[in-house]
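Structure at a glance
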Amino acid sequence: MKTLLATASALALLTFSAVEAAEMKTAAANPLLAPWTGPYGGVPAFDKVKVADLQPALEAAMAQQLVAIEQIANDPATPNFANTIAALERSGRALERVSTVYGVYSSTLNDEAVQAVEREIEPKLAAFSDQITQNPKLFERIAKVYDARATSGLTPEQERLTWVYYTNFVRAGAKLDAAAKKRTAEINQELATLFTTFGQNVLKDENEGVIYVDKEADLAGLPQGVRDAMAEGAAGRGQKGKWAIANTRSSIEPFLTYSDNRALREKAWRMFVNRGDNGDATDNNATITRILQLRAERAALLGFPTHAHWRLENTMAKTPERAMELMEAVWTPAVARVKEEVADMQQIADSEKAGIKIEPWDYRYYAEKVRKAKYDLDETEITPYMQLENLREGMFYMAKELFGFHFKPVDAAKVPVYHPDVRVWEVTDPQGALVGLWYFDPYARKGKRSGAWMNAYRNQERFDGDVKTIVSNNSNFVKGKPGEPVLISWEDATTLFHEFGHALHGLSSNVNYPSVSGTSVARDYVEFPSQVLEHWLSTPEILNKYALHYQTGKPIPAALVAKIEAAEKFNEGFKTVEYLSSALIDMKLHLAGNTKIDADKFERETLASMGMPAEIVMRHRTPQFNHVFSGDGYSAGYYSYLWSDTLTADAWEAFTEAGGPWDKAVAKRLRDNVFSVGNTIDPADAYRQFRGRDPGIDALMRKRGFPVPAPKTAAPAATK
Ligand SMILES: [Zn+2]
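All values reported here derive from a predicted model rather than from experimental measurement. (Residues numbered from 1 in each chain as written. Predicted model: local features only at pLDDT ≥ 70, side-chain atom pairs only at ≥ 80, totals over all residues. Heavy atoms only, no water.)

Some details on the overall build of the protein
Of regular secondary structure, the protein possesses 29 helices and seven strands. Along the first, second and third principal axes, the C-alpha atoms of the protein reach 85 × 55 × 55 Å. Classification of the 720 residues of the protein by burial places 60% in the buried group. Look at the contacts in the protein between residues 6 or more apart in sequence, and 76% of them connect residues 24 or more apart. Accessible surface, the protein as shown: approximately 27900 Å² in total, 54% of it carbon and sulfur. Positive and negative side-chain charges in the protein, numbering 84 and 93 respectively, have mean positions lying 1 Å apart. (Helix = DSSP H or I, 4+ residues; strand = E, 2+ residues; numbered from the N terminus. Buried < 20%, exposed > 50% of the residue type's maximum accessible area, 1.4 Å probe, protein only. Contact = heavy atoms within 4.5 Å. Areas by Shrake-Rupley, 256 points an atom, 1.4 Å probe, with all protein chains shown as cover. Lys, Arg positive; Asp, Glu negative; His and termini not counted. Charge placed at Lys NZ, Arg CZ, Asp CG, Glu CD.)

Next up, the structure:
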C-alpha cells in the first residue's frame, strides 16, 4: 500500500487468484506491470521502460488494486489481522512497481513527455488514494482489528502496523460524513495538480535560467574545477567557448563562493533566489495562495485548527508548538552569531578598501576570506583531496565497520539501469548473505531535480517470503571533464555521507511488514539516521585512507585536518539562519489559518518581524520551496531537520562518551534500536532504548557552537 503509506514493497508469494490472472494478462501488453525478474529477487526492468507505457501502466495497476481492495472490504469472514491488515500489505504490488519507475522518471529523467504524464496522473493518484481511505466497509474492518488489537494476540509489530493503518485512514478522513469526504477528495485532486504545477515551474526556471560568461577575465577567483564545469555546461547548451552559470544550487553556490566579480555574483544570486517569482508563466505565487487555502480548508474538515496541527499529529514533535519552541530556542543565538560573522566579513571588506556593505551575494565570498584569515583554511586546499569515488569507498568502509555491510559492484549486464551514469552494488552481511542492492546516480543532468536524495525501489519485508530491499542514492555533482576524477566540496562530501545514511537505514531494515520497513518512519525522525552518519566523514580513519590528493595520491595532511576541525563551527550562524528562516516561514504559513495569503508579502513581513539578518536569504524562498509546495510530505515539516539534529548531536555524543566513533557496542545499539526497526516502535521509545534516556537540546547547541541554555528548554523529549 505504498500510495497510502509512502512505503515501497515487493512481489510476494501469492496463491493464484483472479487478480493475478488479470495482472499477467495486462503485463503482457505493458511490460511495466510485470513482476520484476532476474537476480536479487528481481530488479526493476529499466531497460524495458517506455514513457508512453507509464500512464496506462499506472492506471491498470490502480484498477488492479481497487479489485483487491473490494475483495478485502467484502470478505464475508470476521475481520482479523490476517484477512484485513496483512491482506492490505499484500495488495497493490503492481502499483508499487510502476510507481517506483514513474518516480525515477519524474525525479531524474523529467522531460516534456514525463511532465505530461505527471499532469494527467497526479490528480488520478490522489483520487485513487481517497477512494481507498474513504471506503466505509474497508475502514470498518480496519477499525475492528484496531479495537481488538490489545487482546487478539498480535505481535508488537502487528499491533503497531494496525495502529499505522488506522491512524492513516482517520487522518485521511475515513470518519467523515459523505459530504465532507467528497470535499476532501476534491481538495486532494486540486492539490495534486497544483503540486505538479509548482514543481514543474521551479524545474523550468532551473533548466532554462542561465548566465553566459564570454570573457575569461570574468572568471577571476574561480578554481579550475568550477571553470571546467562551467565550460562543459555552456558546451552542453550549444555555447562552446563560453562559460555557463546554470540556475541550480550546484552551479550557483561555488560561483558565489569564489567569483571576484561582484556584479556577476549579484546577477547570479538574483537569478537563483527569484526562481518561481518572476511574474511570468512560471511564477508560483498564485499557486501558493491556493495551496495554502486548500490545506487550511482540509485541516478544518478533518477537525484540526490548522494544516500544521494536522501534519504534526503523527510526528515525534506531535504539535507545532513544540516544534516552534525548539526552533525559537535556536533562532536567537543563531542570529546573534550572524551579527558576529558579518562584522568579521565587513572588517575584511573594509581592510581591502572594497567600499561595500556586505550583501547576500557577498556572504559566501567573504566567509571564505574570513575562514582563511581566522583558520588559515582555504576550501580550495581541501577539494583536491575530495575525490568522489574515493569518498564512496570511504562510505563503504564506514558501513563495514559500523554495520558489517560489504559492497561489491554488480556487473552492468546483470542489472539494467535507466541512465549510463547509474551504477549498482550488491550489499552482503559478514556471512555473505544478501542484504540488498544500492543504486548510485551521482551526476547532475537536465531533467534531474536539484539536491540530493535517497529512495527505496523496494522495501525489505519478510511476512510473505524474504524480500531484500533495493535503495538508491541520487545527487547532482558536476561531472566535469571525461576521464578526470570528480572533486567535490567538503559540504558536498557531507551530503554524500548524509544520503548514504538514509540508504543504510533502508539496508539495515529487519522487519516483517513493508509499510513499517526501512525509512518509513516519522518525518521528524527520518533525518536522524542520515545526519548522524555525516559525522564519520571527519574521522581520521576516513580522511587518512580515503581523502587522497587526486594528483599525488597522498592523504590529506594532518595539519589540514586539524584546521578543518578547528573551523568546524565556522559559519554556523549563516547555515543555521539560512535553514531556520525557511523552516519558520514554512511553519508560520501553515499556522496562518484560512486566510488568503500573499506569499511574497507574508515572507517579507514575517522575516522582518523575526529579525532576519539582511545579509542572508532563506535557503528555499517560498516560490521555490519544493519541500513544502510540490507535495504534502515536508509541508509544516521542514523543521524536521533541526528536530532530528537534536537527536543526531546527542547520539554522536554517545559515541564520543564511549570508545569513539568506531565503538562497536554503541554502533550495535544504534543499529538494533534505530536503523533496523523501521516504524515498528514509537521513535521516542526507540531512541530511549538506544541512549538510555531522552535527548536534550544541549548537545545540539554544543555541536553548533551556540551557548548551552540553562536547564528547562525545549527538547524533543518523549510525549507518548
Ligand atoms: Zn536527509
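Concerning the sheet that holds strand E5 (residues 434–443)
Spatial ordering of the open sheet is given by E3-E4-E5-E7-E6, a layout of five strands whose pairing is mixed. The open sheet has two free edges, formed respectively by strand E3 (406–409) and strand E6 (453–458), since each of these has just one partner strand. When the angles between neighbouring strand axes are averaged without regard to direction, this sheet yields 25°. Across five bridges, the pairing between E6 and strand E7 (residues 469–477) is antiparallel. Residue Arg458 lies in a different strand from E7, and its bridge partner there is Ile470. (Pairing = 2+ DSSP bridges. Axes fitted to C-alpha atoms, helices over the stretch in contact; angles between N-to-C directions.)

Some remarks on empty space enclosed by the protein
Using the criterion set out here, one finds six cavities of 30 Å³ or more in the structure. Counted as a void, the largest cavity has a volume near 180 Å³. Of all the secondary-structure elements, those providing two or more residues to the lining of the largest cavity are helix H11 (249–258), helix H12 (262–273), helix H16 (363–375) and helix H23 (572–591). Element by element, the count of residues in the lining of the largest cavity is highest for H11, at four residues. Among the residues forming the lining of the largest cavity, the class breakdown is 11 nonpolar, one polar and eight charged. Looking at the second largest cavity, its volume works out to about 50 Å³. (1 Å grid on protein atoms, 1.4 Å probe; cavity = no way out; pocket = protein on both sides within 12 Å on 5 of 7 lines; lining within 4 Å. Points joined across faces, edges and corners; volume = space filled by probe spheres on them. Nonpolar A, V, L, I, M, F, W, Y, C, P; charged D, E, K, R; others polar.)

Topic: the coordination of the zinc ion
Here the zinc ion is held by the protein donor atoms His498 (NE2), His502 (NE2) and Glu527 (OE), which lie 2.0 to 2.1 Å from it. Written as a sequence motif, the donor residues of the zinc ion are H-x3-H-x24-E. Placement of the pair is His498 in helix H19 (residues 490–508) and Glu527 in helix H20 (residues 527–534), with a sequence separation of 29 residues. (Donors = N, O, S within 2.8 Å, 3.2 Å for Na, K, Ca; no water.)

Concerning the nonpolar core
Core analysis: the largest hydrophobic core is formed by 138 residues, its most contacted members being Met398, Phe407, Trp438, Phe500 and Leu504. It is helix H15 (residues 320–351) that provides the largest number of residues to this core, a total of 13 residues. Those residues in contact with Phe500 that lie beyond four places of it in its chain are Met395, Phe396, Met398, Ala399, Phe407, Trp438 and Asn473. Trp36, Ala73, Ile470 and Tyr513 belong to the second-largest nonpolar core, a separate cluster that totals 60 residues. (Core = buried A, V, L, I, M, F, W, Y, C linked by side-chain atoms within 4.5 Å.)

A closer look at the confidence of the model for the protein
In the predicted model, the protein carries a mean pLDDT of 93, and the fraction of residues at 70 or more is 95%. Note on residues 2–20: pLDDT is under 50 here. Beyond four places in sequence and across chains, it has 59 contacts. (pLDDT = per-residue confidence, 0-100.)

Some remarks on the side chain of Glu253
Structurally, Glu253 can be placed in helix H11. Looking at Glu253, its side chain comes within polar contact range of the side chain of Arg364, at 3.1 Å. In this structure Glu253 touches Arg364, Glu491 and Arg619, once residues within four positions along its chain are discounted. (Polar contact = N/O pair within 3.5 Å; in protein donor to acceptor, adjacent residues only side chain to side chain.)

Some remarks on the environment of Pro44
You can see Pro44 is positioned in the loop between helix H2 (18–29) and helix H3 (51–73). Sequence-wise, Pro44 and Phe602 are 558 residues apart; in three dimensions their C-alpha atoms are separated by 44 Å. The residues contacting Pro44, other than those within four sequence positions of it, are Trp36, Pro416, Tyr439, Tyr457 and Ile470.

Focus on helix H26 (residues 640–657)
Along an α-helix, a turn takes 3.6 residues, which lines up residues three or four apart on a common side. An ideal rise of 1.5 Å per residue puts 26 Å on 18 residues; H26 measures up with 26 Å between its terminal C-alpha atoms. Burial within H26 is extensive, with 16 of its 18 residues counted as buried. (Expected span 1.5 Å × (residues − 1).)

Comments concerning the packing of aromatic side chains
Working definition: an aromatic ring pair is given by the centre-to-centre distance plus the angle between the planes. Scanning all chains against the criterion turns up 40 aromatic pairs. When the ring of Tyr146 is compared with that of Tyr166, the centres are 3.8 Å apart and the planes differ by 5°; the resulting orientation is stacked. Note that Tyr146 is positioned in helix H7 (residues 136–147) and Tyr166 in helix H8 (residues 156–171), a separation of 20 residues in sequence. No difference in accessibility class separates Tyr146 from Tyr166, as the two residues are buried. When the centroid spacing of 4.8 Å and the interplanar angle of 20° are considered together, the rings of Trp438 and Phe440 count as stacked. The pair Trp438 / Phe440 is uniform in exposure class, with both members buried. Through a chain of ring-to-ring contacts, three or more aromatic side chains come together here, namely Phe396, Phe407, Trp425, Trp438, Phe440 and Phe500. Above the face of the Tyr212 ring, Lys242 is positioned so that its terminal group lies 5.8 Å from the ring centre. (Phe/Tyr/Trp six-rings, centres within 6.5 Å; stacked < 30°, edge-to-face > 60°. Lys NZ or Arg CZ within 6 Å of the ring centre and 35° of its normal.)

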